[in-house]
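This is what each chain is made of:
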There are 2 protein chains.
Amino acid sequence: MGLSAGQQSIDEIDFKAQLSREAAETDRVMGELLHSRSHIPDRLKEAMGYMLLSPGKRIRAAMVRWVCRMLSGHIGRDGQIAAAAVEMVHTYSLIHDDLPAMDNDDLRRGQPSCHKQFNEATAILAGDALLTLAFEALAAETTNPQTAVQMIRMLARAAGPEGMIAGQMADLEGEKTNGTLEQLRSIHISKTGRMFAAAAGLGAIAGGAGEDQIDLLADFGLKIGLVFQIADDLLDILASSEQLGKTAGKDSRQGKLTYPSLVGVQRARQIAEDLTAEALEAIAPFGPQADILRRLAVELLKRKK
Amino acid sequence: MGLSAGQQSIDEIDFKAQLSREAAETDRVMGELLHSRSHIPDRLKEAMGYMLLSPGKRIRAAMVRWVCRMLSGHIGRDGQIAAAAVEMVHTYSLIHDDLPAMDNDDLRRGQPSCHKQFNEATAILAGDALLTLAFEALAAETTNPQTAVQMIRMLARAAGPEGMIAGQMADLEGEKTNGTLEQLRSIHISKTGRMFAAAAGLGAIAGGAGEDQIDLLADFGLKIGLVFQIADDLLDILASSEQLGKTAGKDSRQGKLTYPSLVGVQRARQIAEDLTAEALEAIAPFGPQADILRRLAVELLKRKK
C-alpha cells in the first residue's frame, strides 16, 4: 500500500503552499487571457471573470502544471495555457450545472452562483463563452500546431458528449432511480474522471511526454478524479454548506445516485482508498519527481471541503 | 451595380437544387460525426440530432463548401468537416437562443424548439455538446494540424465572446433601449456577420487559400451575413410564423433594436442592397467560378423565409 509515499517528502503545509502558488499563477494566466480579449462586452466579461477568478483551489490546473513541471523541469507557455484552458472548461461546467434547469444551485465557492449574481441568460452565455475561449486560447496561444491539436482533441473529448456532458446527462437521468455500482462508476468517470485524466494528459503533452507516459498519467488522473468525486458525495452528506461553500445535502435530497447512497459511507471510503492506491501505482515509474502528485492523491482522499 | 452578375449563369431553380445537394451532403457528414461517437448517451444524442438534422437550409455550411470547391475544384475531408463544424456551432447557438431565459422561443425550423421537445436541462447540454463536438471534429478529423488549428482559431473567435456571444449579449442588453445605427451594425456583425465570415474563411482555408484570398472571402461572408440579418429583421415584421417556421413578430414585441425599427423598412432594404453590392465587389477577383456565391448573395437579399 503506497499511501504514505508522497507524505514523506512533502507535508500538508508545504502541499497547500504549493497549491496556492499554482492557483495564483493560473489565475494570472486566465486573467491575462480574458483581459487581452478586448472586444468582449463589459457585462459578459464581468460574468466570465466572476466565476473564473473567484476563490478556488484550481486542482485541475495544478495537475496540468505539476505534471508538466515533473516531465520538463519547468512550465512554459504551453503548460500555462493548458492549465488555464482546463480550468475554463471546468468553470463553464459549474456555471451551467448551477442553472435552475440543471442543479438549481444558488451558492458556489461561497458566493452567489453566476445566474444569481447576474441572470440566467448571462450565465448561459458566460458558460458558452468560457468553453469557446478555452479552445480559442489553445489554438491561438500554444507554441506549435501539433501540440495545440493534440490538446484540443483530448480536452474536447473529455469535456464533450462522450465525456463530462455524458456524465451530466446521466446524472440528470439517474436522479430518483436505483442504479448499480457499475453504472455509478461509469457516471463518475464521465462526469469527473475524464476531466481529471485530461488535466494530467494535457500536462503530459505540454511537458513533451510520449504516448506511454501520457497514458500512465491520464490513468492516474482518472483514478484520483474518481476519488475526488466519491469524496464529494461523502461531503455532501457529512459536511455543512458553510464548510463547502456550496449547498450541502442536495444530492441526497434530490435522490441522486451516489456512492454513500448506494454502498454506504464505509464501503465508499474503502473504494476511494483502493482507487488512490491504484493511482499511486500508475505513477510509480516517475520516481521522487512525482511526489507532489502523490501528495495530491492523498489530499484528495482525505479532503474536508 | 453588380447585382445581376450571378443571376446570368445560375438561375434560382438551379441555385435551390445546388443548395439542397450541399445540405444533404452536410447532413450526411454531421450524421456520420454524431453516430461515430458511440459513447454519447442515447437521450443526449437524440437531442443533438433532433435540431442538427432537422430540415434547414444549411446556408453557412453551403458557403464553406462552395468557397472550398471554387478554390480547389473539389471538397475534400477538410472542407466536409469544416462545413459540418460551422453548422454544429450555428445549431448550438439556436438551441441556447431559444431557451426560456434567452429568447424563449417554442418554435424552430417548423417544429418544437429543443427545450420544448426534450427539456431545458437537455437543451442546455445538447447545445454545449454540439459546440464541443465541433472543435473535437476539427481537431480529430482534418488532415493536418496546421489547417486544424487555423480553422479552430477562426471559428472560436467568430463564435466566442468577441463574436457571436458578444452579439447575443448585446441583443439582450439592447432590448427596450434606443440605439444608433452604428451600434446596431456592430451587434449584427457580432451576432451573424462573423459566423458568415468564418464560414467563408474556413472554406477558404480548406480550399488552400492564402491570407489575401481568405480576407476577401471573409469580407464577402461578413457583408452577406449582415444582409441575412437585415432580411431577418424585415421578415420578423413582414412574414407569418408559418412562413418562417419560427415565431414571427417577436423582435418588435420584445422591443428589440432592429433595422426596420430604427430606420424604417425602405431604408433597411436600401442598406441591404448596398451591402450586397459591396459583397459582390469583394469577390470580383474570383471570376465566373464565384457565380454560385454571387447567386447566394442575391438570394439572401430577396429571401422570403
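Visitor: Would you mind going over the side chain of B:Glu299 with me for this structure?
Guide: Residue and element names in this part refer to chain B. Relative to the assigned elements, Glu299 resides in helix 16 (residues 291-301). Assessed through its relative accessible area of 9%, Glu299 is described here as buried. Apart from the residues lying within four places of it in its own chain, the contact partners of Glu299 are Glu12 and Phe15.

Visitor: What exactly am I supposed to notice about the interface of chain A and chain B here?
Guide: When the parts come together, some accessible area is lost, and that loss is often what is quoted as the size of the interface. With 44 residues of chain A in contact, the opposing surface of chain B contributes 44 residues. At the boundary of chain A with chain B, total buried surface from both sides reaches about 3,900 Å², with 77% on carbon and sulfur atoms. Note that A:Glu136 is salt-bridged to B:Arg157, the shortest N-O span being 3.4 Å. Taken together, the links from chain A to chain B amount to 8 residue pairs in polar contact (both at pLDDT 80 or more). For the side of chain A that touches chain B, the secondary structure elements donating two or more residues are helix 3 (42-52), helix 5 (77-98), helix 7 (120-141), helix 8 (145-159) and helix 9 (164-174) of chain A. Sort the elements by how many residues they give to the side of chain A that touches chain B and helix 7 of chain A lands first, with 13 residues.

Visitor: How do you make sense of helix 4 (residues 59-72) of chain A when you look at a structure like this?
Guide: Because each turn of an α-helix spans 3.6 residues, side chains separated by three or four positions in sequence point in the same direction. Residue and element names in this part refer to chain A. Here helix 4 contains 14 residues, and its C-alpha end-to-end distance of 20 Å stays within 8% of the 20 Å for a straight helix at 1.5 Å per residue. Burial analysis of helix 4 places 11 of its 14 residues in the buried class, the great majority of the element. When helix 4 is considered as a whole, its buried residues turn out to be Ile59, Arg60, Ala61, Ala62, Met63, Val64, Arg65, Trp66, Val67, Cys68 and Met70. Those residues of helix 4 hidden inside the fold are in contact with helix 2 (12-36), helix 5, helix 10 (181-206), helix 11 (211-238) and helix 16 (291-301). In the segment just after helix 4, Gly73 is the residue with positive phi, at about 85°.

Visitor: Please explain the packing of aromatic side chains as it appears in this structure.
Guide: Given two aromatic rings, one states the distance between the centres and the angle between the planes to describe the pair. All names here are of chain B. As enumerated under the stated definition, the model contains 7 aromatic pairs over all chains in all. When the ring of Phe196 is compared with that of Phe228, the centres are 5.1 Å apart and the planes differ by 40°; the resulting orientation is tilted. Taken as a pair, Phe196 in helix 10 (residues 181-206) and Phe228 in helix 11 (residues 211-238) lie far apart in primary sequence, 32 residues in all. This pair shows no difference in class: Phe196 is buried, exactly as Phe228 is.

Visitor: Looking at this structure, how should I read empty space enclosed by the protein?
Guide: Any empty space left between atoms is shown by rolling a water-sized probe over those atoms. Applying the stated criterion to the full structure yields 3 cavities of 30 Å³ or more. Space inside the largest cavity adds up to approximately 50 Å³. Every residue along the wall of the largest cavity is listed here: A:Ala156, A:Arg157, A:Gly160, A:Pro161, A:Glu162, B:Arg37, B:Thr132, B:Leu133 and B:Glu136. Of all the elements in the fold, those that place two or more residues in the lining of the largest cavity are helix 8 of chain A together with helix 7 (120-141) of chain B. With 3 residues, helix 7 of chain B is the single largest residue contributor to the lining of the largest cavity. Of the residues contributing to the lining of the largest cavity, the split by class is 3 nonpolar, 2 polar and 4 charged.

Visitor: Help me out: how do you make sense of the relation of the copies chain A and chain B in this one?
Guide: Superposition of the two copies of the chain requires a rotation about an axis and a shift along the axis. Overlaying chain A on chain B yields an RMSD of 0.0 Å, the required transformation being a rotation through 180° with an accompanying axial translation of 0.0 Å. Accordingly, the operation relating the two chain copies is best matched by a two-fold axis. For chain A, the residue whose C-alpha comes nearest the rotation axis is A:Pro145, separated from it by 2.7 Å. With an isologous cut-off of 70% or more, the 100% of interface residues of chain A that recur at the interface of chain B puts this contact in the isologous class.

Visitor: When you look at helix 10 of chain B in this model, what are you seeing that I'm missing?
Guide: All names here are of chain B. Taking 1.5 Å per residue as the helical rise, helix 10 with its 26 residues ought to reach 38 Å, and the 35 Å between its terminal C-alpha atoms agrees with that figure. Where helix 10 bends most, at Ile189, the angle is about 45°. Across the 26 residues of helix 10, 19 count as buried, placing the element largely inside the fold. Gly208 sits one or two residues past helix 10 and shows a positive phi near 80°.

Visitor: Please explain the environment of B:Met154 as it appears in this structure.
Guide: Residue and element names in this part refer to chain B. Looking at the element boundaries, Met154 is found in helix 8 (residues 145-159). Spatially, the C-alpha atom of Met154 lies 30 Å from that of Leu107, the residues being 47 residues apart in sequence. Those residues in contact with Met154 that lie beyond four places of it in its chain are Ala198, Gly201, Leu202, Ile205 and Ile214.

What counts as what
- Residues numbered from 1 in each chain as written.
- Chains lettered and ligands numbered in written order.
- Predicted model: local features only at pLDDT ≥ 70, side-chain atom pairs only at ≥ 80, totals over all residues.
- Heavy atoms only, no water.
- Helix = DSSP H or I, 4+ residues; strand = E, 2+ residues; numbered from the N terminus.
- Buried < 20%, exposed > 50% of the residue type's maximum accessible area, 1.4 Å probe, protein only.
- Contact = heavy atoms within 4.5 Å.
- Buried area = accessible area lost by both parts, 1.4 Å probe.
- Salt bridge = Lys/Arg side-chain N within 4 Å of Asp/Glu carboxyl O.
- Polar contact = N/O pair within 3.5 Å; in protein donor to acceptor, adjacent residues only side chain to side chain.
- Expected span 1.5 Å × (residues − 1).
- Phe/Tyr/Trp six-rings, centres within 6.5 Å; stacked < 30°, edge-to-face > 60°.
- 1 Å grid on protein atoms, 1.4 Å probe; cavity = no way out; pocket = protein on both sides within 12 Å on 5 of 7 lines; lining within 4 Å.
- Points joined across faces, edges and corners; volume = space filled by probe spheres on them.
- Nonpolar A, V, L, I, M, F, W, Y, C, P; charged D, E, K, R; others polar.
- Least-squares fit on C-alpha atoms with pLDDT ≥ 70 in both.
- Bend = angle between axes of the 7 residues up to and from the residue.

Treat this as a map of the structure, not an account of what it does.
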